[in-house]
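One letter stands for each residue in the lines below.
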Amino acid sequence: MMTTSEPFTPSADLARPSVADAVVGFDAMPLFIRKPNPDDGWGIYELVKSCPPLDVNSAYAYLLLATQFRDTCAVATNEEGEIVGFVSGYVKSNAPDTYFLWQVAVGEKARGTGLARRLVEAVMGRAELHEVHHLETTITPDNQASWGLFRRLADRWQAPLNSREYFSTDQLGGEHDPENLVRIGPFQTDRI
């Protein structure tokens, strides 16, 4: 078996505007949005743990997202390289015009900056997603922050938003609220 060693750039070095997809936030606290890398897995895990009511997956799952799905995920870091925001998702193999957003998290330090919307729009604006015209996600009925985010996205993108129950409490083992499937679209990706 042949092993290659590719150099990785530490997160703090990636938090420079020359590497970031976007620079957002305020002058006093700029935030840098970029594709994740293998060094980000643990930081993503710690961020999601600090953002209830989000479901926390394993550190390994976040490492896979940061590597295998990096083109459809994004992290936001502060100037020190600390991960303060994350969005994960993928283009559906059975519907290549649809991006399924799995999870979006914004840490306490970055709340109130519009970072969740900016993370989603940073991913949606990538060349890899230029054929995408629908966004899907699931939201529990009582997660008002998520409902607000996706209503704002639908308004900004001038696209309809529809929802229906997708996973019942029984399907989720009886200890989880039901999840509604939320679909935004169609929209024009080049207008995001």
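Residues numbered from 1 in each chain as written. Predicted model: local features only at pLDDT ≥ 70, side-chain atom pairs only at ≥ 80, totals over all residues. Heavy atoms only, no water.

- Where an unreviewed UniProt entry is consulted, the protein appears under the name L-2,4-diaminobutyric acid acetyltransferase, with the organism given as Halomonas urumqiensis.
- We quote the UniProt Pathway (unreviewed entry) comment for the protein here in full: "Amine and polyamine biosynthesis; ectoine biosynthesis; L-ectoine from L-aspartate 4-semialdehyde: step 2/3."
- What UniProt records for the protein under Sequence similarities (unreviewed entry) is the sentence "Belongs to the acetyltransferase family. EctA subfamily." (UniProt positions renumbered as here; feature names shortened; annotations may be inferred.)

**Some thoughts on the overall build of the protein**
Part 1: Counting secondary structure elements, the protein contains five helices and eight strands.
Part 2: Written out in order from the N terminus, the α and β elements of the protein read α-β-β-α-α-β-β-β-α-β-α-β-β.
Part 3: Going through the 192 residues of the protein one by one, you find that 46% of them count as buried.
Part 4: Sequence separation of 24 or more characterises 60% of the internal contacts of the protein that already satisfy a separation of 6 or more.
Part 5: With an accessible surface of roughly 10,400 Å², the protein has 50% of that area assigned to carbon and sulfur atoms. (Helix = DSSP H or I, 4+ residues; strand = E, 2+ residues; numbered from the N terminus. Buried < 20%, exposed > 50% of the residue type's maximum accessible area, 1.4 Å probe, protein only. Contact = heavy atoms within 4.5 Å. Areas by Shrake-Rupley, 256 points an atom, 1.4 Å probe, with all protein chains shown as cover.)

**A few points about unusual backbone geometry**
Part 1: In this structure, the amide linkage connecting Pro52 to the following residue, Pro53, adopts the cis form with an omega of 15 degrees.
Part 2: With respect to the helices and strands, the residue Pro53 is situated in the loop between helix H2 (41–49) and helix H3 (59–68).
Part 3: With an omega dihedral of 5 degrees, the bond running from Gly185 to Pro186 counts as a cis peptide bond.
Part 4: Positionally, Pro186 belongs in the segment after strand S8 (179–184).
Part 5: Positive phi values are uncommon outside glycine, yet Gln158 reaches one of about 50 degrees.
Part 6: The residue Gln158 is located in the loop between helix H5 (144–156) and strand S7 (161–167) in this model.
Part 7: A relative accessible area of 70% places Gln158 in the exposed class.

**Some details on the nonpolar core**
Part 1: Among the nonpolar cores identified, the biggest contains 32 residues, and Val87, Tyr99, Leu115, Met124, Leu135, Trp157 and Ile184 are the most heavily contacted of them.
Part 2: With seven residues, helix H4 (residues 115–124) is the single largest residue contributor to this core.
Part 3: Core analysis: the second largest hydrophobic core is formed by 13 residues, Tyr62, Ala66, Ile83 and Ala105 among them. (Core = buried A, V, L, I, M, F, W, Y, C linked by side-chain atoms within 4.5 Å.)

**What to know about H2**
Part 1: Considered for burial, the residues of H2 that qualify are Gly41, Ile44, Tyr45, Leu47 and Val48. The arc that holds every buried residue of H2, seen down its axis, measures 165 degrees, which confines them to one face.
Part 2: Its buried side turned inward, H2 meets H3, strand S3 (74–77), strand S4 (83–92) and strand S5 (95–106). (Arc of directions from axis to C-beta.)

**Things to note about the confidence of the model for the protein**
Part 1: Residue-level pLDDT values for the protein average 88, and 85% of them are 70 or greater.
Part 2: Low pLDDT, under 50, characterises residues 14–18; the predicted model gives this stretch 13 contacts beyond four residues in sequence or across chains. (pLDDT = per-residue confidence, 0-100.)

**Let's talk about H4**
Part 1: With respect to burial, H4 is a largely interior element, eight of its ten residues being buried.
Part 2: Along H4, the residues classified as buried are Leu115, Ala116, Leu119, Val120, Glu121, Ala122, Val123 and Met124.

**Topic: the packing of H2 against H3**
Part 1: Where H2 contacts H3, the axes come no closer than 8 Å and their chain directions differ by 125 degrees. On the basis of the axis angle, H2 is oblique to H3. Every pair of crossing elements has a handedness; the one defined by H2 and H3 is right-handed. Facing Gly41, Trp42, Ile44, Tyr45 and Val48 of H2, the residues of H3 in contact are Ala59, Tyr62, Leu63 and Ala66.
Part 2: Residues of the contact of H2 with H3, tallied by class, amount to eight nonpolar, one polar and no charged. (Axes fitted to C-alpha atoms, helices over the stretch in contact; angles between N-to-C directions. Parallel < 35°, antiparallel > 145°, perpendicular 65-115°, else oblique. Left-handed = near helix turned anticlockwise from the far one by under 90°. Nonpolar A, V, L, I, M, F, W, Y, C, P; charged D, E, K, R; others polar.)

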